[in-house]
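# Observations on the three-dimensional arrangement
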Amino acid sequence: MRVALPQWAGTLAAKSAVFITVMCCALAALLGILVHVSVTHQTVGEARGLALSRLADAAEAYEAGDTLAPGAAVDPPGLPASLRALAVGGRRGTLVAEEHGRPTMWAAGPADRNRALAVEVDYAQQSRTIAGLDRAILWSSLLAIGATLLVGAFAVTRVTRRLHATARVARRISTGDLDARVDDPRAKDPTRPQDEVAAVAVALDSMASSLQGKLQSEQRFTADVAHELRTPLTGLHAAAELLPPGRPTELVRDRVAALRTLTEDLLEISRLDTGRERLDLDTEALGAVAERVVRAAAGTGTGETEVVVVRDARVETDRRRLERVLGNLVANAHRHGRGPVVLTVDGPVVTVRDHGDGYPEYLIAHGPQRFRTEGGATGHGLGLTIALGQAEVLGARLEFGNAEGASRGEGTSQGPPPQEEVAPRADGASRAVGAGGTARSGGAVATLTLPWLVNGSGDDADDSDGDGDGDGDGEANDRAGTDAGSGTRAGSDPAPDSGSGSRSGSGPQARAGSHPAPRPAPNDRRT
């Protein structure tokens, strides 16, 4: 079983600090042991020589019958037993032992009648010298380790700081900022030695430049192709309108309309790729915007969509772009999912859910990708790509997942609340309020989270009239009749479009000067 380490333990600085500390400790221990052994051996040797010299003088005095010098005696009581046994056996030896609480060097030799002649020498000074040396070795080792750690940390921090800068640039590039560069100063100065970090920085800058060039070339190609196709498609559309009525004419007009839609989508994606889109901000009620989107989608024959307003909110946003995002999500749900399709407004969060098989795993993991479809799905993979791009322009967060019970994908998301009563309407939308019914399981869920809540929304909204719009003015906001704040009636909304052209054969066209509602666009969701 592996021990879970803290996050900081995986950093290069922590690993370098541990390595430096271990190596310094090992080196200090090795040097300390060598010095201790050498000095101790020398000190003990000197004390032993002094003790044996005094033992020889005591032996001569004992044999001559003279009085023994102080510190010399026959079988003294403090003589260690092991040393006495060695002396009785006819051999000389020395031993350091404690005598009256003081270290003492004993030297002993044989005497007559199985007795031992011994001499004691004070060893306290030598013991203090060795202890002081050991303390000096310990403190000097600690100081050396600390100084080495500081120097090593400074050196490693310089390297890790450059690595962190390189990693930040790599993350910026991964999020789409292809102008980001490391610009390592070492890489710019050829006279300075190049280390590995500089080599990585140069490689990353080179990769970013190459990737930027290729992407810009692809974007220019897409924009040029789409722009050049508009003129012949306009003529082709006009010619198709002059054909006599009949099934072949309907097929031609349908294919021309699809081709024009694809061209307009490519133009919109090319504008989003440039990153120069500007917002036309205004305060909008999300409930009203959601119902306009549903009515516009119903006018194109997309299908019936339920609108559930759990908690209305007013946000500062670009209405045209917001309607484009929601319209593409609704169209995608009808085209590739199964009913019922539910659009839920809960404060600044708008959720579009169907009850089909759910999003494929690649879309949940990596997001929508243009011209990528799987499993024979129809469409070009542009609808959700445009929705995601427009959401980024709005500063909103668009997330894709699958509700519990979906047969594909890994993501999960909370579906709309159970509905107690759903009132169908003639324009294709329906309004659901309350809870308590049986909720269906499964399906794809797209969640759009908008920023910029304005006062009068959310939990602090004045909703004293009980109509859920947070304005407290007592208006019923009859969405089957006049649409509050838009001045349009159900069934007369502008036709879905991207704002760059009109469509034929798919409902009323967008009027100049109006805010066109989103049109259904092919996308890449189902496999």
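Notes on the structure in this doc start here. (Residues numbered from 1 in each chain as written. Predicted model: local features only at pLDDT ≥ 70, side-chain atom pairs only at ≥ 80, totals over all residues. Heavy atoms only, no water.)

## Examining the pattern of salt bridges
We count it as follows: For salt bridges, the criterion is a side-chain nitrogen of Lys or Arg within 4 Å of an Asp or Glu carboxyl oxygen. Think of it this way: any DSSP run of H or I at least four residues long counts as a helix, any run of E at least two long counts as a strand, and we number them from the N terminus. Accessibility here uses a 1.4 Å probe with only protein chains present; expressed as a share of the type maximum, an area under 20% marks a residue as buried, one over 50% as exposed, and anything in between as partly exposed.
In total, this model carries 15 salt bridges according to the counting rule given. Across the pair Glu323 and Arg319 runs a salt bridge, and its minimum N-O distance is 3.0 Å. Placement of both Glu323 and Arg319 in helix α8 (residues 319–336) is noted, with a separation of four residues, approximately one turn of the helix. Each member of the pair, Glu323 together with Arg319, is buried. Salt bridges linked by common partners bring Glu284, Arg292, Arg319 and Glu323 together as one network.

## Looking at unusual backbone geometry
In this structure, Pro340 follows Gly339 across a cis peptide bond, with omega equal to -5 degrees. With respect to the helices, strands and loops of the structure, Pro340 is situated in the loop between α8 and β8 (341–346). Of note, Asp75 is a non-glycine position whose phi angle comes to about 45 degrees, a positive value. You can see Asp75 is positioned in the loop between β1 (72–74) and α2 (81–88). For His100, which is not a glycine, the phi torsion comes out positive at approximately 55 degrees. Looking at where His100 falls in the secondary structure, it is placed in the loop between β2 (93–99) and β3 (102–110).

## Re the nonpolar core
Threshold: Here, nonpolar core refers to any group of buried Ala, Val, Leu, Ile, Met, Phe, Trp, Tyr and Cys residues whose side-chain atoms link them within 4.5 Å. Contacts: residue pairs with any heavy atoms within 4.5 Å of one another.
In this structure, Leu286, Leu322, Leu329, Leu343, Leu398, Phe400 and Leu448 are the most contacted members of the largest nonpolar core, which totals 35 residues. In this structure Phe400 touches Leu329, Tyr359, Leu363, Ile364, Pro368, Leu384, Val445 and Ala446, once residues within four positions along its chain are discounted.

## Quick look at the packing of helix α7 (residues 286–299) against α8
In plain terms, the rule: Comment: axis = line fitted to C-alpha atoms, over the contacting stretch for helices; angle = value between 0 and 180 degrees taken between N-to-C directions. Put simply, angles under 35 degrees are roughly parallel, angles over 145 are roughly antiparallel, angles from 65 to 115 are roughly perpendicular, and the rest are oblique. Should the near helix be turned anticlockwise from the far one by less than a right angle, the crossing is left-handed, and should it be turned clockwise, the crossing is right-handed. In this count, Pro and Cys sit with the nonpolar residues alongside Ala, Val, Leu, Ile, Met, Phe, Trp and Tyr, while Asp, Glu, Lys and Arg are called charged and the others, Gly among them, polar.
Relative to each other, α7 and α8 sit at 55 degrees, their axes nearing to 9 Å. Regarding the angle of α7 to α8, the classification is oblique. Crossing angle aside, the handedness with which α7 passes α8 is right-handed. Touching Leu286, Val289, Arg292, Val293 and Ala297 of α7 are Arg319, Leu322, Glu323, Leu326, Gly327 and Val330, all from α8. Tallied by class, residues from the contact of α7 with α8 come to seven nonpolar, one polar and three charged.

## Focus on the environment of Arg319
Its relative accessible area of 12% is what places Arg319 among the buried residues. Sequence spacing of Arg319 and Thr283 is 36 residues, and the spatial spacing of their C-alpha atoms is 8.5 Å.

## Description of the environment of Val35
Turning to its location among the elements, Val35 is positioned in helix α1 (residues 12–64). For Val35, a relative accessible area of 37% translates into the label partly exposed. Placed 102 residues apart in sequence, Val35 and Ile137 show a C-alpha to C-alpha distance of 8.4 Å. Among all residues touching Val35, those that are not within four sequence positions of it are Leu133 and Ile137.

## Regarding the pairing of β8
Applicable threshold: Between any two strands, at least two bridges found by DSSP are needed for them to pair.
With five of six residues buried, β8 lies mostly within the body of the structure. Note: strand β6 (residues 305–311) against β8, six bridges, orientation parallel. In the sheet register, Val309 faces β8, and the bridge partner there is Val345. Relative to strand β9 (residues 349–353), β8 runs antiparallel, the two sharing five bridges. Bridged to Val342 within β9 is Arg353. In this antiparallel pair of consecutive strands, β8 and β9, the connection spans two residues, and Gly347 shows a positive phi of 65 degrees.

The values are spatial; any link to function lies outside them.
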